[in-house]
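Geometric and topological summary
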Amino acid sequence: MQGNNYIPPLTPRSRLERLLRERELRKSSRYNPSAEDGRDGNKESEQLSDAFLSENEVEEVAETVAAEDRPRKQRLLVVANRLPVSAVREGVDSYHLEISVGGLVSALLGVKEFDTRWIGWAGVNVPDEVGQKALTKALAEMRCIPVFLDEDIVNEYYNGYCNNILWPLFHYLGLPQEDRLATTRSFQTQFDAYKKANQMFADVVNKHYQDGDVVWCHDYHLMFLPRCLKEYNDKMKVGWFLHTPFPSSEIHRTLPSRSYLLRSVLAADLVGFHTYDYARHFVSACTRILGIEGTPEGVEDQGKLTRVAAFPIGIDSERFIRALALPEVQNHLKDLKERFAGRKVMLGVDRLDMIKGIPQKILAFEKFLEENAHWRDKVVLLQIAVPTRTDVSEYQKLTSQVHEIVGRINGRFGTLTAVPIHHLDRSLDFHALCALYAVTDVALVTSLRDGMNLVSYEFVACQASKKGVLILSEFAGAAQSLGAGAILVNPWNITEVAASIGYALDMPADEREKRHQFNFKHVTTHTSQEWAATFVSELNDTIVEAQLRKRQVPPLLPNKVAVDCYSKSNNRLIILGFNSTLTEPVDTLGRGGQIKEMDLKVHPDLKEPLKKLSEDPKTTIIVLSGSGRAVLDKNFGEYNMWLAAENGMFLRLTSSEWMTTMPENLNMDWVDSVKHVFEYFTERTPRSHFELRETSIIWSYKYADIEFGRLQARDLLQHLWTGPISNASLDVVQGGRSVEVRAVGVSKGAAIDRILGEIVHSKGMKEPIDYVLCIGHFLAKDEDVYRFFEPELPSETSPMAKAMLSNSYRPSSLPRASSSKGGSKATYYKKQRSMSNIERRDIERTSSDPWRPASRDRTSLHEGSSVLDLKGDNYFSCAVARKRSSARYLLKTSDDIVNLLSDLADHS
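For the structure given in this document, a descriptive report is provided here. (Residues numbered from 1 in each chain as written. Predicted model: local features only at pLDDT ≥ 70, side-chain atom pairs only at ≥ 80, totals over all residues. Heavy atoms only, no water.)

1. Quick look at the side chain of N519
This is how it is decided: Runs of E in the DSSP output that reach at least two residues are strands. Runs of H or I that reach at least four are helices, and both are numbered from the N terminus. Note on exposure labels: buried denotes an accessible area under 20% of the residue type's maximum, exposed denotes more than 50%, and partly exposed covers the range between, all computed with a 1.4 Å probe on protein chains only. Whether two residues are in contact is decided by their heavy atoms, any of which lying within 4.5 Å being enough.
Tracing the chain through its elements places N519 in helix α20 (residues 509–525). Given the relative accessible area of 3%, N519 is considered buried. Dropping the residues within four chain positions of it, N519 is found in contact with V460, L470, L482, G485 and A486.

2. Some points on helix α13 (residues 327–339)
Defined as follows: Working rule for helices: expected span equals 1.5 Å times residues minus one. The directions considered for the arc run from the helix axis to the C-beta atoms.
Its 13 residues give α13 an end-to-end C-alpha distance of 18 Å, which sits within 8% of 18 Å, the value for a rise of 1.5 Å per residue. Along α13, the residues that are buried comprise V329, L333 and L336. The arc that holds every buried residue of α13, seen down its axis, measures 65°, which confines them to one face. Exposed and oriented more than 90 degrees from the buried face of α13 are P327, K334 and E338. Buried residues along α13 sit against α12 (317–323) and α16 (430–439).

3. Quick word on the environment of R389
This is how the line gets drawn: Polar contact is defined as a pair of N or O atoms within 3.5 Å, subject to the rule that within protein one atom must be able to donate a hydrogen and the other to accept it, and that residues adjacent in sequence are counted only when both atoms are side-chain atoms.
On the secondary structure map, R389 appears in the loop between β13 (379–386) and α15 (393–413). Measuring from C-alpha to C-alpha, the distance between R389 and N163 comes to 9.7 Å, with 226 residues separating the pair along the chain. Once you skip the residues sitting within four places of it in the chain, R389 turns out to touch N159, N163 and Y395. A polar atom in the side chain of R389 sits 3.4 Å from the backbone oxygen of N163.

4. Some points on helix α27 (residues 706–722)
An ideal rise of 1.5 Å per residue puts 24 Å on 17 residues; α27 measures up with 24 Å between its terminal C-alpha atoms. Restricting attention to buried positions, one finds in α27 the residues I706, G709, Q712, A713, L716, L717 and L720. Considered in projection along α27, the buried side chains sweep an arc of 140° and stay on one side of the axis. The secondary structure elements touched by the buried residues of α27 are α11 (276–290), α26 (671–683), β24 (696–700), β25 (730–734) and β26 (738–743). You can read the cap of α27 off the contacts: a side-chain oxygen lies 3.3 Å from the backbone nitrogen of E707, and it is on D705.

5. Considerations on the pairing of strand β14 (residues 421–424)
As a reminder of what qualifies: Handedness of a crossover: with both strands directed away from the viewer, a clockwise path from the first strand across the helix to the second marks it as right-handed.
Burial of β14 is one-sided: the residues I421 and H423 facing one way are buried, the residues H422 and L424 facing the other way are not. With α15 bridging β13 and the parallel β14, this β-α-β connection has right-handed handedness.

6. Notes on the sheet that holds strand β6 (residues 214–218)
Note the threshold: What makes two strands pair is DSSP finding at least two bridges between them. Every axis in this analysis is a line fitted to C-alpha atoms, fitted for helices over the stretch in contact. Angles between the N-to-C directions lie between 0 and 180 degrees.
Taken together, the nine strands give an open sheet; going across it, the order is β5-β4-β1-β6-β7-β8-β11-β10-β9, and neighbouring strands pair in mixed fashion. Of all the strands in the sheet, the pair left with one neighbour each is β5 (144–146) and β9 (293–295). Each adjacent strand pair in this sheet contributes to an overall mean axis angle of 20°, direction not counted.

7. Concerning the packing of aromatic side chains
In plain terms, the rule: Centre distance within 6.5 Å is the pairing criterion for rings of Phe, Tyr and Trp, where only the six-membered ring of Trp is used; planes under 30 degrees apart are then read as stacked, over 60 as edge-to-face, and the remainder as tilted. We count a charge as sitting over a ring when the NZ of a lysine or the CZ of an arginine lies within 6 Å of the ring centre and within 35 degrees of the ring normal.
For the structure shown, the criterion picks out 33 aromatic pairs. Ring geometry for F789 and Y875: centres 5.6 Å apart, planes at 45°, overall tilted. With F789 in helix α29 (residues 784–789) and Y875 in strand β28 (residues 875–880), this pair connects stretches of sequence that are 86 residues apart. Judged by relative accessible area, Y875 falls into the buried class, the value being 0%. The ring of Y172 is capped by R449, whose NZ or CZ atom sits 3.9 Å from the centre of that ring. When the ring centre of Y566 is taken as reference, the NZ or CZ atom of R572 above it lies at 4.0 Å.

8. Focus: the state of the cysteines
Basically, it comes down to this: Note on terminology: pairs of cysteine sulfur atoms within 2.5 Å are recorded as disulfides.
Overall, the coordinates contain zero disulfides when judged by the stated rule. C217 takes part in no disulfide bond, and the closest cysteine sulfur, belonging to C228, lies 9.5 Å away. By relative accessible area, which is 4% here, C228 ends up buried.

9. Some details on the packing of helix α14 (residues 358–371) against helix α19 (residues 494–505)
Helix-helix packing is described using two parameters, namely the angle between the two axes and the distance between the axes. Condition: The sense of a crossing depends on the near helix, which, turned anticlockwise from the far helix by less than a right angle, makes the crossing left-handed and, turned clockwise, makes it right-handed. Under the grouping applied here, Gly and all other residues not named as nonpolar or charged are polar, the nonpolar ones being Ala, Val, Leu, Ile, Met, Phe, Trp, Tyr, Cys and Pro and the charged ones Asp, Glu, Lys and Arg.
Put simply, α14 and α19 touch, their axes get as near as 8 Å, and they point 65° apart. Every pair of crossing elements has a handedness; the one defined by α14 and α19 is right-handed. Taking contact as the criterion, the partners of Q360, L363, A364, F365, K367 and F368 in α14 are, on α19, I494, T495, V497, A498, I501, G502 and L505. Split by residue class, the contact of α14 with α19 holds nine nonpolar, three polar and one charged.

From the geometry alone we can't say anything about function, so treat these as descriptive.
If you want it as structure tokens, here you go:
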């Protein structure tokens, strides 16, 4: 059996094994520093041996990552709004620096595993160049790099957008109500300042960035920063961590800049939150607001995965434990014990802020004193309220309210010698705070909404001797970590909090011991060092995963190469999809998107290029679409091109009539029963719709609520499989947000050989096709159209490829004078279906005159030639807005398609 010291194998096969091994190595390196020296030798095998990669592929990626091998201490650029020091100007060229207080600062003070640099604002306006140079030099000694923001930017960006818009929203306070009209008017100005400030941060990061650095962006102040950094260098390792809660999508969607900020954050490689709830809310917001698919790993947008995970922050617990033995702390501790001898001490340490629930805490204490008269002289509440934003009227009102409640309670329950509440409107130094934690019997944290709340961690770290009780709000992030050892309360329920105070004060020693041991173990193992190391380790591994995923992602189409090959070829074939290819882009969540999609129209910028291309005698255009005949007629009737409707089941040259390539014995009896099912689910799924075509039927829930649509689609599929189509020969094709039912074997790839045969016959081609461009946003099942042409290329050495190159190859819609010598892909498709009407007509013509040459036999068109004479460099298959594809190349947007077809038209 493998014991507790088990270390995963040297060659991890999965991402989880890689991270587990990294974690074990981190632990061992703390006790054996030399372990890091021998660690790099196995880096390739540790990170890259994924089961789905071949040995050669593993070696290739390993060489790439090894070339960027990080040093013993990886450089970590921590980018936050504020530096961990505050600067006070003392002269023209001198500054006094002091360590700041705050959760992020205290969490990262103990991080020793990285060569850390801090980048941020020093909290002081320095307009002159002399002062900037002096401050930069002073901060450099503390490994800090300043970002200089002027007063106007600070006022609009920090005081305005960050503190007046984002902070209240993320803490469920909503957008400002009292001055909402003024806020609405000034919102764009503040948002512009926010973007400008983020760009200023990015400029400083770019100036100091070195290859291999990890850039770790922090908090809601810098949501725009990941996008700025990736635009500068898309290979930069960027992580973003939020220290506040992330609200539910219903709250976040009220933000005017909601989509912009979400997409900016998604530019990061790894997005971290304190708890799973916050991570879930973020993924839900991306899904509901942006219409992007959420996965168990994070958020995937067109094949680019942004990992989203929970990383509960910790503290440097050893710092607090060591501090308890210091003389300064012992002196404070002695004074406090003498001062509160004979009384139980309750403690609250908070910023004087609306979300900290200080009034609720004090009112609950008042209720406890009302109901427990015997405790009135035996308990004292020490409330440390650190002032913040004292110039804001809401905070001034809160301060007055707290003072009023404290005064009333002290006047009611106090005596000449003692009062029940000691309230301080100031912060304490570190030694005094540690002593206060150590003397406390019950800590009271009643946050109404808090990202984590590290006060609870600091209290636990200082309680090795007293083993006090922690009463913790269930709305603080720490409740998910310390919930088992703490007493969880709803701070809005005053009665519940008061009862919990009584329970904590009367708690037996053995229960206090058990609760403390649980929390103490968590606090001492989940430290700030472990938090930072885990985040950076996950970020490094995410980069490796991204490199592996890129192997499945087609490169962007090289437009110039495609156009050059086009201009040099003599007989070109262009195959174009329609929906999401030649149409205007539609915002799935925008205004009027559903109406536009139900009435498809050609992109106006494509009309002229299509006209030029269709009039070129050397160019044949096929629009191959799943749409019906009427839709294609309406949009392309004016052009000289081929239209293939319903995945190629209907075909016509725009100057002639429609013909069918559909097998005569195709059974369509299933349509009515499937239609009834689709009607049922359309009625019960708002904003869904279905489309009845001649050879298929499709139900789309693209514009419905995403999560409800998925549930309905799952129910619909279960109903189909157990009912109407249980014994039918049908294919059920699932799109991103659609379900399509069609006859077996119906796909664009299966139809292309028949279409080619008819085109060759109609045009009377004298030269083989030497250039093929295929562009589409096709379902995975229809991507066989891309693969159809691949075996034709000389680079292929398979028997199928050789057969396709031989003269024996003929499109399956052509009658054969003799049997084929080889098994081509086209032949394979023909075996899967019955004869189409076109083939039937041709055979009848030939049989009526057995001595008449087969007019559509390719060899009669051009003796000894092939219908397709493609060189490897002359075939361009392009997926649109889909990264993982069997296509050779990628076109990201409709603008890319417009540019490409316009360039081709200019060379026609």
